[in-house]
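Summary of the model geometry
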Amino acid sequence: MAKKTVEDIELEGKKVLVRADFNVPVADGAITDDTRIKAALPTIKYVSQHGGKAILFSHLGRVKTEEDKEGKSLAPVAKRLGELVERNVTFIPQTRGKELEDAIANMQDGEIVVFENTRFEDIDGKKESKNDPELGKYWASLGDIFVNDAFGTAHRSHASNVGIASSGIPTVAGFLMEKEIKFIGEAVESPKRPMIAILGGAKVSDKIGVIENLIEKADKILIGGGMTYTFYKANGEDIGNSMVEEDKVELAKSLIEKAGDKLVLPVDSITASEFSNDVATQTYEGAIPEGQMGLDIGPKTVEKFSDILKDAKTVVWNGPMGVFEMSNFAKGTIGVCEAIANLQGATTIIGGGDSAAAAESLGFSDDFTHISTGGGASLELLEGKTLPGLAAINDK
Ligand code: ADP
Ligand code: MG
């Protein structure tokens, strides 16, 4: 599955279309988190430094009506990008048309242009999101080479990724795309062993595909978070008022049977009488009484998981161990992060938006080998699915 990258292609003097993932949070015209812009810098700088004319674009949020455009322009992104690369970045407030075409025709080698939010094309018939072939062809016609660096949308078949690539223009991966595929792909398909998967988060239903795929690939799967209680119920354990998906109990039973001792469930929980940080907490081993809900894994589970993690050579983590947003229920996630941080010579990967946010807010983001920038895309890679955006990149 080796894909061509930006390093495999001549850029000098070429018009290089770069699909980045600039889908950043914007409030009152200001970017509140520029992580995604920073993640795109290596590719942008490389293209510019190698004499390519970098034509950048991305989606930002969802745009269905004219009103939705408010606050969804890429203008603030272009401005922030200019600060980060310390050079002039030209913003073109169009997704197509003369102004854009003229700006591209007048570009010098190494120059950087950003054009408007690709989803502005969704107002009139969802052309971007439904991969309208005319739109993909039009964008492809603006450049000589297509660099797809938008891992975060690789699980979607849109005009700005799959559409452009399908027009026949040479299509290569950017560095972020390459890094994501390398780390997540290798962890799942050819991991150093033992490979331990840690799966948590709120719902079993969000993670069925991941659990099913990793049952085949991992040496152990540690379960935490809200999904714990659907598995408990499948084992006939009392769960009090904990979150449960009744319609997934049978599935949980079959997963437990299939996985055998590969699947490790929490042995204790931190509970409370309501979903709140302001009421007293209790700790229960196994069953949870009526009136209490499990909101984090307990200390014995942290100890057990840490012990299993000690020998790990690959760790894939998706889904927090508890409601980490509330301090009373963050200890399980912190404990697991600490166990991962202590590993020597292991490849440790976070795939999952909230897990990445948890590691960041709890201060562990530097302790992982790789934190995926793509929530949905990383989840689908963990499920073993083929991502259309990735499949459309030329093979080496
Ligand atoms: P990710 O985005 O990393 O894939 P998820 O979206 O699946 O993670 O789950 C994250 C959410 O799960 C968090 O907001 C967290 O509060 C919630 N969660 C974790 N444990 C529990 C629990 N025991 N009960 C309810 N919600 C939980
Ligand atoms: Mg999430």
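Residues numbered from 1 in each chain as written. Chains lettered and ligands numbered in written order. Predicted model: local features only at pLDDT ≥ 70, side-chain atom pairs only at ≥ 80, totals over all residues. Heavy atoms only, no water.

Moving on, we get to the overall build of the protein. When helices and strands are counted, the protein shows 14 helices and 17 strands. Its C-alpha atoms give the protein a radius of gyration of 23 Å, within 12% of the compact-globule value 21 Å for 396 residues. Dimensions of the protein, computed from the C-alpha atoms along their principal axes, are close to 70 × 45 × 35 Å. For the protein, with 396 residues in total, the buried portion stands at 55%. Contacts in the protein between residues at least 24 apart in sequence constitute 74% of all its contacts with a sequence separation of at least 6. Accessible surface, the protein: about 16400 Å² in total, of which carbon and sulfur atoms supply 46%. (Helix = DSSP H or I, 4+ residues; strand = E, 2+ residues; numbered from the N terminus. Rg over C-alpha atoms; globule rule 2.2 N^0.38 Å. Buried < 20%, exposed > 50% of the residue type's maximum accessible area, 1.4 Å probe, protein only. Contact = heavy atoms within 4.5 Å. Areas by Shrake-Rupley, 256 points an atom, 1.4 Å probe, with all protein chains shown as cover.)

Right, let's talk about unusual backbone geometry for a bit. The omega angle of the peptide bond from Arg193 to Pro194 is 0°, so this bond is cis rather than trans. Assignment of secondary structure puts Pro194 in the loop between α6 (175–189) and β9 (195–199). Positive phi values are uncommon outside glycine, yet Asn131 reaches one of about 55°. Considering the arrangement of structural elements, one finds Asn131 in the loop between β6 (112–115) and α4 (133–141). On the accessibility criterion, Asn131 (19% relative accessible area) is buried.

Next up on the list: the UniProt feature "binding site: substrate" (unreviewed entry) in the protein. In this numbering, the UniProt entry assigns the feature "binding site: substrate" (unreviewed entry) to Asp21, Phe22, Asn23, Arg36, His59, Leu60, Gly61, Arg62, Arg119 and Arg156. Structurally, the position occupied by Phe22 is in the loop between β1 (15–19) and β2 (26–27). Residue classification places Phe22 among the buried positions, given a relative accessible area of 0%. If we ignore the near neighbours within four places in the chain, the residues touching Phe22 are Ile37, Ala40, Ile44, Leu56, Ser58, His59, Leu60, Leu74, Val77 and Leu81. The residue Arg119 is located in the loop between β6 and α4 in this model. A residue is classified by how much of its surface remains accessible, and Arg119, at 10% relative accessible area, is buried. With sequence-adjacent residues up to four places away left out, Arg119 is seen in contact with His59, Gly61, Arg62, Val63, Glu128, Ser129 and His158. Within the structure, the side chain of Arg119 is placed 2.8 Å from the backbone oxygen of Gly61, a separation counted as a polar contact. (UniProt positions renumbered as here; feature names shortened; annotations may be inferred. Polar contact = N/O pair within 3.5 Å; in protein donor to acceptor, adjacent residues only side chain to side chain.)

Attention now moves to the UniProt feature "binding site: (2R)-3-phosphoglycerate" (unreviewed entry) in the protein. Taking the UniProt record as the reference, the feature "binding site: (2R)-3-phosphoglycerate" (unreviewed entry) is found at Arg36, Arg119 and Arg156. Within the secondary structure layout, Arg36 lies in helix α1 (residues 35–49). Residue classification places Arg36 among the partly exposed positions, given a relative accessible area of 28%. With respect to the element layout, Arg156 can be found in the loop between β7 (145–148) and α5 (159–166). Residue Arg156 is classed as partly exposed on the basis of its relative accessible area of 37%. For Arg156, the residues in contact, after removing those within four places along its chain, are Asn161, Val162, Pro388 and Gly389.

Turning our attention to the packing of aromatic side chains. Enumeration according to the criterion identifies 7 aromatic pairs in this entry. Ring geometry for Tyr46 and Phe175: centres 5.1 Å apart, planes at 85°, overall edge-to-face. Placement of the pair is Tyr46 in helix α1 and Phe175 in helix α6, with a sequence separation of 129 residues. One exposure class covers both Tyr46 and Phe175, and it is buried. (Phe/Tyr/Trp six-rings, centres within 6.5 Å; stacked < 30°, edge-to-face > 60°.)

Here we come to the nonpolar core. Judged by nonpolar contacts, the single largest core of 43 residues is most densely connected at Phe151, Met177, Leu199, Leu214, Ile221, Ile223 and Phe231. Listing elements by their share of this core, those giving two or more residues are α6, β9, α7 (208–217), β10 (220–223), α8 (228–234), α9 (249–259) and α13 (375–382). Per-element tally for this core: the top contributor is α6, with 6 residues. Setting aside residues no more than four positions away along its own chain, Ile221 makes contact with Ala197, Leu199, Ile211, Leu214, Ile215, Lys262, Leu263 and Val264. (Core = buried A, V, L, I, M, F, W, Y, C linked by side-chain atoms within 4.5 Å.)

It is worth spelling out the site of ligand 1 at this point. Taken together, 18 residues lie around ligand 1, and Lys207, Gly294, Glu325, Asp354 and Ser355 are the ones closest in. The backbone of Gly226 places a nitrogen or oxygen atom 3.2 Å from a nitrogen atom of ligand 1. A total of 580 Å² of accessible area belongs to ligand 1 in isolation, and the protein chains cover 86% of it. Of all elements in the fold, only β14 (293–297) and α12 (353–361) reach the threshold of two or more residues within the shell around ligand 1. It is α12 that provides the largest number of residues to the shell around ligand 1, a total of 3 residues. A breakdown of the residues in the shell around ligand 1 according to their chemical character gives 5 nonpolar, 10 polar and 3 charged. (Near = heavy atom within 4 Å. Nonpolar A, V, L, I, M, F, W, Y, C, P; charged D, E, K, R; others polar.)

Right, let's talk about the packing of helix α10 (residues 299–309) against helix α11 (residues 331–341) for a bit. In contact at an axis separation of 9 Å, α10 and α11 are set at 20° when each is read in the N-to-C sense. For the element pair α10 / α11, the angle class is roughly parallel. Of the two possible hands of crossing, α10 and α11 adopt the one that is right-handed. Here Val302, Phe305, Ser306 and Leu309 of α10 lie close against α11, whose contacting residues are Lys331, Gly332, Gly335, Val336, Ala339 and Ile340. Partitioned by chemical class, the residues of the contact of α10 with α11 number 6 nonpolar, 3 polar and 1 charged. (Axes fitted to C-alpha atoms, helices over the stretch in contact; angles between N-to-C directions. Parallel < 35°, antiparallel > 145°, perpendicular 65-115°, else oblique. Left-handed = near helix turned anticlockwise from the far one by under 90°.)

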